[in-house]
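For reference, the chains in residue letters:
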Amino acid sequence: MAPAKLVGDIRRLIDAARQRAAVTVNAVLTRLYWRIGARIRTEVLRYARAAYGEQVIAALAEQLQRRYGRGFSEKTLRRMVQFAEAFPEEPIVATLSRQLTWSHFVLLLPLEAPLARAFYAEMCRVERWSVRALRQQIDSMLYERTALSRKPKAVVEAQLAALRAEDQVSPEMLLKDPYVLDFLGVQDRYLEKDLEDAILRELEAFILELGSGFCFVARQKRIQVDGDDFYIDLVFYNRKLQRLVAVDLKVGAFKAEYKGQMELYLRWLDRHEREPGEETPLGIILCAGKRREQIELLELGKTGIHVAEYLTVLPPRDELARRLHAAVEHSRARLAPPEEAK
């Protein structure tokens, strides 16, 4: 019998080689599907007749299936055309296909908003989401809940370009509004301590909802200023942003006084806890409700404070989509130049 160590070493070599081969095959097939879609699209657009396009794809599918099998059905060829339309730049597809499988791209194709599609694709590449994880992020409307989605189009495009070129994740890509905390199981009436206790019981789920790179640091972090004691509800560290993140929990709607409280926390953390090479700490104020005008007048974003609503019960998807769409439109209208807002 061969030595166990030898057998183990050989198995690891074989498994690693198979994994590399699978990645290579996936990338080659994905680029093939893109090129097929682009070629069909060029042929159809040349004649600019929808009826002609239908005939061409149907005839092509019949001939390809006869030779290569069911993988080139009419439905699949249409999906390849859609793929080339949704991702018109082959170099971007080549980069994404090193991490994303064809099944990932199939999930992305139905997304109508190009910026949302690009966000999910790049975050999937950077975070190495499985197909299931990507589906969950899309179903939870992750992009629409990010602070990034509220920014003007040019800002979103610039941040996505930085993510594509340098894997640079910005705070706006991680900060959300609202946070969905339906997994906490709190009742209709609860105190801030009840909310905090529930979060700590479900810490793993809470960190996943916060986003990528968050690590738990402390609960009820005690700080002293002029002999007075203050307590920060929760403190996290984000590895991607390389900064501390203070979280303040509120059971009611946002109040203007919360700004001063969070600014005190952040300045204390910046002076006493920030390590060399780290960025300035961020603050998240989680409220049961938001007062939009107060938040806008206080210009909290300029002080590194993010105010977000939390939902202890997940609303129907249509209702959540409506609320998010209204929030996005309001934010973009407020941030747009005067001539653009008209």
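Data block above holds the structure.
Our subject in this report is the structure included herewith. Since this is a predicted model, take the numbers as computed values, not measurements.

### Examining the nonpolar core
Judged by nonpolar contacts, the single largest core of 73 residues is most densely connected at L77, F83, F87, L108, F119, Y120 and L286. Among the elements that make up this core, the one with the highest residue count is helix α6 (residues 114–127) (9 residues). Among all residues touching L77, those that are not within four sequence positions of it are I36, I40, I57, L60, A61, L64 and F72. Core analysis: the second largest hydrophobic core is formed by 19 residues, M262, Y265, L269 and V307 among them.

### Section: the pattern of salt bridges
One pass over the full model with this rule turns up 25 salt bridges. Each of E122, R125, R164 and D167 takes part in salt bridges that share partners, so that together they form one network.

### As for helix α13 (residues 257–272)
Owing to its 3.6 residues per turn, the α-helix brings residues three or four apart onto one side. Look at α13: 23 Å from first C-alpha to last across 16 residues, which is about the 22 Å you get at 1.5 Å a residue. Within the sequence span of α13, burial applies to Y258, K259, M262, E263, Y265, L266, W268 and L269. The inward-facing, buried residues of α13 contact β2 (214–225), β3 (228–238), β4 (243–249), β5 (282–287), α14 (292–298) and β6 (305–311).

### What to know about the packing of aromatic side chains
All told, the structure shown has 12 aromatic pairs when counted by the stated rule. Considering the side-chain rings of F254 and Y258, the 5.8 Å spacing of their centres and the 80° angle between planes classify their relative orientation as edge-to-face. A single burial state applies to F254 and to Y258, both of which are buried. Put simply, the rings of Y33, F83, F87, W102 and F105 touch in pairs and so form one group of aromatic residues. One Lys or Arg, K250, reaches over the ring of Y258 and ends 4.5 Å from the middle of that ring.

### Here we look at the environment of L134
Looking at the secondary structure, you find L134 in helix α7 (residues 131–139). Overall, L134 belongs to the buried group, its relative accessible area being 0%. Put simply, L134 and C124 are 10 residues apart on the chain and 6.8 Å apart in space, counted from C-alpha to C-alpha. Sequence-distant contacts of L134, defined by excluding residues within four places in its chain, comprise H104, L107, L108, Y120, C124 and W129.

### Quick notes on a nonpolar patch on the surface
A contiguous nonpolar patch, built from I10, L13 and I14 and spanning about 280 Å² of accessible area, is present on the exposed surface. By the element assignment, I14 lies in helix α1 (residues 4–47).

### Let's talk about the sheet that holds β5
Pairing is mixed across the open sheet formed by 6 strands, whose spatial order is β1-β6-β5-β4-β3-β2. The sheet terminates laterally at β1 (179–180) and β2, the two strands that pair on one side only. Inspection of the sheet shows β2 paired to β3 by 10 bridges, in the antiparallel sense. Each residue of the ladder has a partner; that of V225, found in β3, is D228. Set on the sheet, helix α11 (residues 192–201) makes contact with β2, β3, β4 and β6; between it and β2 the angle comes to about 145°.

### Section: the environment of K221
With respect to the helices and strands, K221 occurs in strand β2. When the C-alpha positions of K221 and Y231 are compared, they lie 5.2 Å apart, and in sequence the two are 10 residues distant. Apart from residues no more than four positions distant in its own chain, K221 is found in contact with F230, Y231, I232, V235, W268 and E273. Side-chain polar atoms of K221 contact the side chain of E273, separated by 3.2 Å.

Scoring rules and cut-offs
- Residues numbered from 1 in each chain as written.
- Predicted model: local features only at pLDDT ≥ 70, side-chain atom pairs only at ≥ 80, totals over all residues.
- Heavy atoms only, no water.
- Core = buried A, V, L, I, M, F, W, Y, C linked by side-chain atoms within 4.5 Å.
- Buried < 20%, exposed > 50% of the residue type's maximum accessible area, 1.4 Å probe, protein only.
- Helix = DSSP H or I, 4+ residues; strand = E, 2+ residues; numbered from the N terminus.
- Contact = heavy atoms within 4.5 Å.
- Salt bridge = Lys/Arg side-chain N within 4 Å of Asp/Glu carboxyl O.
- Expected span 1.5 Å × (residues − 1).
- Phe/Tyr/Trp six-rings, centres within 6.5 Å; stacked < 30°, edge-to-face > 60°.
- Lys NZ or Arg CZ within 6 Å of the ring centre and 35° of its normal.
- Patch = residues over 30% accessible without salt bridge, like charges linked within 9 Å, V, L, I, M, F, W, Y side chains within 5 Å.
- Areas by Shrake-Rupley, 256 points an atom, 1.4 Å probe, with all protein chains shown as cover.
- Pairing = 2+ DSSP bridges.
- Axes fitted to C-alpha atoms, helices over the stretch in contact; angles between N-to-C directions.
- Polar contact = N/O pair within 3.5 Å; in protein donor to acceptor, adjacent residues only side chain to side chain.

Spatial relationships are all this shows, so hold off on functional conclusions.
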